[in-house]
Amino acid sequence: GPVSSNLTCISTGSPATTVTWMRNGQQLSLSDTYIPIQTVTDRRLSTYSNVLVIKAASSDVFGHTYSCTVTNAFGTFSMALTAFTPPTVTISPHETPTAGESFSLTCTVTLAEGDYIVGDSGSPVQWKGPDCASINSTLQVMTNTYISTLEFNPVRISHGGEYICQATSTAGTIMDYAKFTVQIPIECNPECEYGDCVATNYCKCNEGWRGPTCSHGINTFVILKNDDQSIPCTSRRVDTDVT
């Protein structure tokens, strides 16, 4: 989808200044890709925050040198800025864990050459989710890449929900989402002897086996006593001479 980056240039002057945005020395034609936004930050000093929002469906607009040229009756001033490609952020895996198991979410942040993470939170990668405060996280740092892992050990029902991984660099803020529910473990009591537990107290028997716990062979007869306890007994062939 489209990615975006913001370039900011602060201008102060009296009389008021006008701002022109340029790319590689050529004046920009403003469009849906290049959107200038000007905000007054101090009217008394005629101070303005000039932001160029760059929106694009591809990366061709990034990696160029942009300049903010400020002009009033007393002169002109220019400041060069580089628009980096915003970082990519990816969360994996997207699956449904079972309560009681170990589970983890990994967020991979990749920066463009020359870009760097900014922020004063103590970690370049930020997680948001239902129970992040109680979950251990680790961070691996490589060249232009940060890998942050949330470790659920074990994962609980309360951990289910939407998790957001966010990173802010000089090129902008980007995030990715992962949503999962935690399923309740399936148990069979008593255990399935020759089959699989496919639902609570329900065994799917292997070929050649039957019964509630898959403990009776297909050639086994079962005698039921009054207390519903089953007693397997195997039939055998008896040849009798008839005279």
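These remarks concern the structure in this document.

Procedures and definitions
Residues numbered from 1 in each chain as written. Predicted model: local features only at pLDDT ≥ 70, side-chain atom pairs only at ≥ 80, totals over all residues. Heavy atoms only, no water. Pairing = 2+ DSSP bridges. Helix = DSSP H or I, 4+ residues; strand = E, 2+ residues; numbered from the N terminus. Buried < 20%, exposed > 50% of the residue type's maximum accessible area, 1.4 Å probe, protein only. Phe/Tyr/Trp six-rings, centres within 6.5 Å; stacked < 30°, edge-to-face > 60°. Axes fitted to C-alpha atoms, helices over the stretch in contact; angles between N-to-C directions.

A word on the pairing of strand β16 (residues 202–205). In this sheet, β16 lies alongside strand β15 (residues 195–199) in antiparallel orientation, the contact comprising four bridges. Each bridged residue has a counterpart across the sheet, and for G195 the counterpart in β16 is C205.

What follows deals with the side chain of H159. Relative to the helices and strands, H159 resides in the loop between β12 (145–152) and β13 (161–169). Among the residues examined, H159 registers a relative accessible area of 2% and is labelled buried.

With the rule as written, the count across this model stands at seven aromatic pairs. Between the aromatic rings of F152 and F180, the centroid separation amounts to 5.8 Å while the plane-to-plane angle is 85 degrees, which identifies the pairing as edge-to-face. In this pair, F152 sits in strand β12 while F180 sits in strand β14 (residues 172–180), placing the two residues 28 residues apart along the sequence. This pair shows no difference in class: F152 is buried, exactly as F180 is. On the basis of an interplanar angle of 5 degrees and a centroid distance of 5.5 Å, the ring pair of Y163 and F180 is categorised as stacked. Linking Y163 in strand β13 with F180 in strand β14, this pair joins segments that are 17 residues apart in sequence. We classify Y163 as buried; its relative accessible area is 0%. You can call F180 buried: its relative accessible area is 5%.

With that settled, consider the sheet that holds β13. Across the sheet, three strands lie side by side as β10-β13-β14; this open sheet has antiparallel pairing. Both edges of this open sheet fall to β10 (125–128) and β14, since each of them pairs with a single strand only. Across the sheet, the mean angle from the axis of one strand to that of its neighbour is 20 degrees, orientation sign disregarded.

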